[in-house]
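Structural features, examined
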Amino acid sequence: MLTPSPLKAHLGYWLRFVSNHVSHAFALKVEAHGVTVAEWVLLRALFDRDGTAPSGMAQALGMTRGAISKLVDRLAEKELLRRMPSETDRRYQALELTPRGRALVPVLAALADENEEEFFGHLPVEECERLAEAMQAIVRHHGLRKLPTS
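Anyway, here's the lowdown on the structure attached to this text.

Reading the values: the criteria
- Residues numbered from 1 in each chain as written.
- Predicted model: local features only at pLDDT ≥ 70, side-chain atom pairs only at ≥ 80, totals over all residues.
- Heavy atoms only, no water.
- Helix = DSSP H or I, 4+ residues; strand = E, 2+ residues; numbered from the N terminus.
- Buried < 20%, exposed > 50% of the residue type's maximum accessible area, 1.4 Å probe, protein only.
- Polar contact = N/O pair within 3.5 Å; in protein donor to acceptor, adjacent residues only side chain to side chain.
- Contact = heavy atoms within 4.5 Å.
- Phe/Tyr/Trp six-rings, centres within 6.5 Å; stacked < 30°, edge-to-face > 60°.
- Lys NZ or Arg CZ within 6 Å of the ring centre and 35° of its normal.
- Expected span 1.5 Å × (residues − 1).
- Salt bridge = Lys/Arg side-chain N within 4 Å of Asp/Glu carboxyl O.

1. Some details on the environment of serine 5
If you trace the backbone, serine 5 turns up in the segment before α1 (11-31). On the basis of relative accessibility, which here comes to 45%, the residue serine 5 falls in the partly exposed class. Sequence separation of serine 5 and glutamate 31 is 26 residues, and the distance between their C-alpha atoms is 38 Å. Reaching out from serine 5, the side chain makes a polar contact with the side chain of histidine 10 at a distance of 2.7 Å.

2. Section: the side chain of lysine 29
Take lysine 29: it is sitting in helix α1. Residue class for lysine 29 comes out buried when judged on its relative accessible area of 15%. If we skip the residues at most four places from it in the chain, lysine 29 touches Leu111, Glu114, Asn115 and Glu118.

3. Thoughts on the packing of aromatic side chains
Two aromatic rings are characterised by how far apart their centres lie and by the angle between their planes. Within the structure shown, the criterion is met by four aromatic pairs. Each ring, one from tyrosine 13 and one from tryptophan 14, has its centre 5.0 Å from the other, and the planes form 90°; the classification is edge-to-face. On the basis of relative accessible area, tryptophan 14 is assigned to the partly exposed category, the value being 37%. With a centroid separation of 6.2 Å and 70° between ring planes, the pair formed by phenylalanine 26 and tryptophan 40 is classed as edge-to-face. One end of the pair, phenylalanine 26, is in helix α1; the other, tryptophan 40, is in helix α2 (residues 37-48), with 14 residues separating them in the sequence. Its relative accessible area of 9% is what places phenylalanine 26 among the buried residues. By relative accessible area, which is 10% here, tryptophan 40 ends up buried. Of the aromatic side chains, those joined through ring pairs into one cluster are Tyr13, Trp14 and Phe17. In this arrangement the basic side chain of arginine 102 is found over the ring face of phenylalanine 47, its NZ or CZ atom lying 4.5 Å from the centre.

4. Overview of helix α6 (residues 125-142)
The terminal C-alpha atoms of α6, which comprises 18 residues, lie 26 Å apart, in line with the 26 Å expected from a rise of 1.5 Å per residue. Positive phi appears at glycine 143, one or two residues downstream of α6, with a value of about 65°.

5. Examining unusual backbone geometry
The phi torsion at glutamate 79 lies on the positive side, around 60°, for a residue other than glycine. For glutamate 79, the location among the structural elements is in the loop between α4 (65-77) and β1 (81-85).

6. Side note on the pattern of salt bridges
Taken as a whole and judged by the stated rule, the model has seven salt bridges. A salt bridge links glutamate 39 to arginine 74; the shortest N-O distance between them is 2.7 Å. Separated by 35 residues along the polypeptide, glutamate 39 in helix α2 and arginine 74 in helix α4 bring together distant segments of the chain. Residue arginine 102 pairs with aspartate 50 through a salt bridge whose shortest N-O separation is 2.8 Å.

7. Observations regarding the side chain of asparagine 115
For asparagine 115, the position within the fold is in helix α5 (residues 99-120). Here asparagine 115 falls in the buried class, since its relative accessible area comes to 3%. Among all residues touching asparagine 115, those that are not within four sequence positions of it are Val22, Ala25, Phe26 and Lys29.

Distances and angles like these do not, on their own, reveal function.
Take a look at the structure:
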């Protein structure tokens, strides 16, 4: 009978361990501002792409249209974004940040920067760059598209 390898022998174990802690700390920070991490991801994406259709956001973020629709509903209810109907096609709508939503994005981005510093600030810059390059190589190799939203 083979002896199973220990959990801590796996790189995936350590990635998940660190990721869970980084993600949880960030979730607490953004939730203090009334949004979830998934909502933050959509807000940040719209900050650069106001006027994008929900289907375009779904594609850009690697999410389903249904998931985007739920996020849009929640953010519209919070008055952080609005749906802008097309004047020529009643079926088409674009998403746009409200002034309140646009003002919130830099605040939340600063929290992301703060969280990054808390967890990785003790590492030399070169080590952070190598770590990011390794993660990006894994993403490319496996063709990963879905953005982390939780």
